[in-house]
Amino acid sequence: MTDRLVINHATVREKMDMTAFVKACSRRGLSMVSIWENEIDRIGKAAAKEVLTQTGSRVFGYNRAGPLLASSATERRQRLDAAKRSIDLALEFDADHVLLFPGGAPEGEKGLDGARGMTEEAVGHLLDHLGDGAARLALEPLHPMLAGDRSSIVSMSHANDICDRLGRNLGIVVDVYHVWWDERLDEEIARAGKHGRIAGFHVNDWLVPTKHTLTDRGMMGDGVIDLAHLWNAVKRAGYDGPIEVEIFSDDWWARDADAVIDLCIERCASIFGLVMERA
Ligand code: ZN
């Protein structure tokens, strides 16, 4: 079994439910999976736990706590409570980290200052809720094209600044799709690494042209991101966790899920030099 490579369920979610997905990863010698709460809901908590136990699989990334933002204080409180429940569930599943999903700027807002303030406040509350738990919360800076509707945190430097202010148990997931364009990326990765903040490394690729910012991510090697360079940068920064494949793509969702997983493993092996050891 290997813990160097993780597949995120979203990569094959259209063709495999969580049970089939966890078994497919386990069959290929992958000891960890990254999972989604809505997929747990689809098959039921008992079945989700059962397949993890049965295959001896561990949960790496847990998606997700959020959305957090809303225009009214009441609604924000409700969302915060829901996010706390997600964190509790992630702890129940013994996840390594929980992805934070701020969500879009509240209706009627102009600019991102309000959204950024609200996000940081909410994350502070969630860190208090988490306490000194085994898992940590993770900010994932998203691509700036998604600032309006998904997250106002769109750069590694912003994520690092928030971590500086909010402190322990808050990490950063580096997703190449979202951050590859940043001219300060290497130094911000080094900065995150210096504080032991890198919680995960998500891989896929940026296609040229990209038809849709959310559902047209590329398979590793098909686009223009210098994946090997970024992997070396996170490793140099001290990250010793796995590479996680996360591809949101109408194109790949339409294909045979087993073949997609095999190709992900093959591409990671050739790009990152990962040796897949079988038990
Ligand atoms: Zn990601």
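Cut-offs and rules
- Residues numbered from 1 in each chain as written.
- Predicted model: local features only at pLDDT ≥ 70, side-chain atom pairs only at ≥ 80, totals over all residues.
- Heavy atoms only, no water.
- Helix = DSSP H or I, 4+ residues; strand = E, 2+ residues; numbered from the N terminus.
- Buried < 20%, exposed > 50% of the residue type's maximum accessible area, 1.4 Å probe, protein only.
- Contact = heavy atoms within 4.5 Å.
- Areas by Shrake-Rupley, 256 points an atom, 1.4 Å probe, with all protein chains shown as cover.
- Lys, Arg positive; Asp, Glu negative; His and termini not counted.
- Charge placed at Lys NZ, Arg CZ, Asp CG, Glu CD.
- UniProt positions renumbered as here; feature names shortened; annotations may be inferred.
- Arc of directions from axis to C-beta.
- Core = buried A, V, L, I, M, F, W, Y, C linked by side-chain atoms within 4.5 Å.
- 1 Å grid on protein atoms, 1.4 Å probe; cavity = no way out; pocket = protein on both sides within 12 Å on 5 of 7 lines; lining within 4 Å.
- Points joined across faces, edges and corners; volume = space filled by probe spheres on them.
- Nonpolar A, V, L, I, M, F, W, Y, C, P; charged D, E, K, R; others polar.

Student: Please clarify how the overall build of the protein chain should be interpreted in this entry.
Tutor: Of the regular secondary structure elements, the protein chain holds 11 helices and 8 strands. Judged by the C-alpha coordinates and their principal axes, the protein chain covers about 50 × 45 × 35 Å. Within the span of the protein chain, comprising 279 residues, buried residues form 54% of the whole. When contacts within the protein chain are restricted to residue pairs at least 6 apart in sequence, those whose partners lie at least 24 apart make up 78%. For the protein chain, the accessible surface area stands at approximately 11,800 Å², while carbon and sulfur atoms represent 47% of it. Positive and negative charge centroids in the protein chain, built from 33 and 44 side chains respectively, lie 1 Å apart.

Student: What's the story with the UniProt feature "domain: Xylose isomerase-like TIM barrel" (unreviewed entry) in the protein chain in this structure? I'm lost.
Tutor: The positions that UniProt labels "domain: Xylose isomerase-like TIM barrel" (unreviewed entry) are, in the present scheme, residues 37-257. Structurally, residues 37-257 comprises 43% helix and 14% strand, and the distance from its first C-alpha atom to its last is 20 Å.

Student: Is there a simple way to think about helix 9 (residues 227-236) in this case?
Tutor: Structurally, the α-helix is built with 3.6 residues per turn, so residues lying three or four positions apart point the same way. Leu227, Leu230, Trp231, Ala233 and Val234 are the residues of helix 9 that are buried. Projection of helix 9 onto a plane perpendicular to its axis shows the buried side chains occupying an angular sector of 160°, all on one side. Elements in contact with the buried residues of helix 9: strand 6 (170-175), helix 7 (176-179), helix 8 (185-194), strand 7 (198-203), strand 8 (243-245) and helix 11 (257-272). Immediately beyond the C-terminal end of helix 9, within one or two residues, lies glycine 238, with a positive phi of roughly 105°.

Student: Would you mind showing me how to read unusual backbone geometry here?
Tutor: Most peptide bonds are trans, and most residues other than glycine sit at a negative phi. Residue arginine 64 is reached from asparagine 63 by a cis peptide bond, and omega for that bond is 0°. As for its position among the elements, arginine 64 is in strand 3 (residues 58-65). Backbone torsion omega between glycine 66 and proline 67 reads 5°, so that peptide bond is classified as cis. Note on placement: proline 67 falls in the loop between strand 3 and helix 4 (73-92). A positive phi angle, close to 60°, is found at aspartate 94, a residue other than glycine. Looking at where aspartate 94 falls in the secondary structure, it is placed in the loop between helix 4 and strand 4 (97-100). The class of aspartate 94 is exposed, set by a relative accessible area of 59%. Positive phi values are uncommon outside glycine, yet asparagine 169 reaches one of about 65°. Assessed through its relative accessible area of 22%, asparagine 169 is described here as partly exposed.

Student: Where do I start with the nonpolar core in this structure?
Tutor: Most often, soluble globular proteins have nonpolar side chains that are buried together. By size, the foremost hydrophobic cluster in this structure holds 83 residues, and its most contacted members are Ile189 and Phe201. Ranked by residue count, the leading element in this core is helix 11, at 8 residues.

Student: I'm lost on the layout of surface pockets in this one. Help?
Tutor: Using a probe with the size of a water molecule, rolled over the atoms, empty space left in the structure can be pinpointed. As a volume, the largest pocket reaches approximately 430 Å³. Around the largest pocket, the lining comprises 25 residues; the ones closest to its centre are Trp36, Arg64, Phe101, Arg150 and Phe248. Elements with a minimum of two residues in the lining of the largest pocket: helix 2 (37-43), strand 3 and strand 4. In terms of residues, the lining of the largest pocket owes the most to one element, helix 2, which gives 3 residues. Residues of the lining of the largest pocket, tallied by class, amount to 10 nonpolar, 7 polar and 8 charged. In this structure, the second largest pocket spans a volume of roughly 230 Å³. Lining the second largest pocket are Met32, Lys49, Leu52, Thr53, Ser57, Arg58, Val59, Phe60, Glu92, Phe93, Asp94 and Asp96. For the lining of the second largest pocket, the secondary-structure elements that each account for two or more residues are helix 3 (45-55) and strand 3. Looking at the lining of the second largest pocket, its residues break down into 5 nonpolar, 2 polar and 5 charged.

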